Amino acid sequence: MPPVNIAVAGAGVIGRAHIAVIAQSSQCRLSAIADPSEAAQALAQTHGVPWFATLDELLATASPDGVILATPNAMHVPQALQCIAAGVPVLVEKPIAHTVADAQKLVQATQTHSAKVLIGHHRAHSPIMREAKAVIDEGRLGQLVSVMGSAMFYKPDDYFTQAPWRHEVGGGPVLINLIHEIHNLRMLCGEIIEVQAMTSNVVRGFAVEDTASITFRFASGVLASFMLSDTAASARSWEQTSQENKAYASYDDEDCYVIAGTMGSLAVPTMRLKTYVKAEDRSWFKPYQSSTVALEREDPLRLQMDHFIRVIQGVEEPLVSAHDGLQNLLVVEAIAQAAASQQTVRLA
């Protein structure tokens, strides 16, 4: 089949990452860039593709097979609706929307028009997640009981000086970082139905949180505790343990999740597995059978692009649907409500 023509709207950090993936693919090619900046215009010239100041101009002039929206959060839904109206499949970067109400509009439009909409929670395409889910689905851990998770890292001062909006509500790690973790946890354990949370800004003193402690209850009865901080000098985060993004220092002796069931536990992403061979062996006085789940690490952004191409071609349904994006955002909203009220917030 001929290469699929993909346009990218938004030429910031993540937009450029998508463009780099497209450039390396034999299955697709970059057809246009939409972004009002001079840097984006220069980037389009470098790649030899048309440049447009707006998505409106791109859709009116070009005929892409698909569009990647890597624009600011508040633009995701209006621009995705433009793509749906034009009959163009779209990959919407996470989070799906700036607000739950906007996300609901996109979900409704996707259903009404049977639109091809993929949400860019790229970790869903990670081989690590695939293998962890396989271990759980095969019953090797028994009945799931609990998850301990963490996303602890230290963001340097210039991260905030370069973008002052990160000082303010909505710019903290709950919305920017935790939404990735929420999707991972939902993939592994099912739907989240209750949330409790505490937040703190005592270290940086910004209007937004820098640290959060969160408890989740899943529909299955699984409980999870999660520690989040962008001011903790710790390597227990997906970025620093998965080895998937080479921009981050990596530590292969650290984990960010430990998933435990009635027959064993799995540490992710080292994939260290400890299980009892027989149910009658279960006792903390008896040793586990220890092993490591084999996997081959691959770039999830590239795998996501391959999947998006198949979605465009009608071969596959979106792995991360608009409904999934909405559910992730609903959990984020519940965390904010729980932290503000110091009450348990139910989602279902």
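You'll find the structure just up there.
To start, this report covers the structure provided alongside it. (Residues numbered from 1 in each chain as written. Predicted model: local features only at pLDDT ≥ 70, side-chain atom pairs only at ≥ 80, totals over all residues. Heavy atoms only, no water.)

## Side note on the overall build of the chain
Looking only at helices and strands, the chain features 12 helices and 15 strands. Relative to a compact globule of 348 residues, whose C-alpha radius of gyration would be 20 Å, the chain shows 21 Å and is just as compact. A principal-axis box enclosing the C-alpha atoms of the chain has dimensions of 70 × 50 × 40 Å. Classification of the 348 residues of the chain by burial places 52% in the buried group. Within the chain, counting contacts between residues at least 6 apart in sequence, those at least 24 apart form 64% of the total. For the chain, the distance from the average position of its 25 positive side-chain charges to the average position of its 35 negative side-chain charges is 6 Å. (Helix = DSSP H or I, 4+ residues; strand = E, 2+ residues; numbered from the N terminus. Rg over C-alpha atoms; globule rule 2.2 N^0.38 Å. Buried < 20%, exposed > 50% of the residue type's maximum accessible area, 1.4 Å probe, protein only. Contact = heavy atoms within 4.5 Å. Lys, Arg positive; Asp, Glu negative; His and termini not counted. Charge placed at Lys NZ, Arg CZ, Asp CG, Glu CD.)

## Digging into the sheet that holds strand β2 (residues 28-34)
Across the sheet, which stays open at both edges, the six strands sit in the order β3-β2-β1-β4-β5-β6 with parallel pairing between neighbours. Both outer strands of the open sheet, β3 (51-52) and β6 (117-120), are each paired with one neighbouring strand and no more. The pairing of strand β1 (residues 4-9) with β2 spans six bridges and is classified as parallel. Bridging from a neighbouring strand, I6 pairs with L30 of β2. This element, helix α11 (residues 300-312), spans β1, β2, β4 (66-69), β5 (90-93) and β6 of the sheet and lies at about 115° to β1. (Pairing = 2+ DSSP bridges. Axes fitted to C-alpha atoms, helices over the stretch in contact; angles between N-to-C directions.)

## Digging into the pattern of salt bridges
Under the defined criterion, the tally for this structure stands at 18 salt bridges. Note that K105 is salt-bridged to D102, the shortest N-O span being 3.7 Å. Note that K105 and D102 are positioned in helix α5 (residues 100-113) at a spacing of three residues, about one turn of the helix. A residue is classified by how much of its surface remains accessible, and D102, at 21% relative accessible area, is partly exposed. Notably, a salt bridge pairs D230 with K155, separated by 3.9 Å at the nearest N-O pair. (Salt bridge = Lys/Arg side-chain N within 4 Å of Asp/Glu carboxyl O.)

## Some remarks on the nonpolar core
As a rule of thumb, soluble globular proteins bury nonpolar side chains together. If you look at the biggest cluster of nonpolar residues, it comprises 100 residues, and the most contacted ones within it are I6, I33, V195, F216, L266, V268 and I335. Of the residues forming this core, the biggest block, nine residues, is contributed by helix α12 (residues 322-341). For I6, the contacting residues outside a window of four places in its chain are I22, C28, R29, L30, S31, A32, G66, I68, M305, F308, I309 and I312. (Core = buried A, V, L, I, M, F, W, Y, C linked by side-chain atoms within 4.5 Å.)

## Regarding the packing of helix α1 (residues 13-24) against α11
Here α1 crosses α11 at 70°, and the two axes come no closer than 10 Å. One way to sum up the angle between α1 and α11 is to call them roughly perpendicular. Remark: the crossing between α1 and α11 carries right-handed chirality. The segment α1 lies against α11, with I14, A17, H18, V21 and I22 engaging L301, R302, Q304 and M305. (Parallel < 35°, antiparallel > 145°, perpendicular 65-115°, else oblique. Left-handed = near helix turned anticlockwise from the far one by under 90°.)

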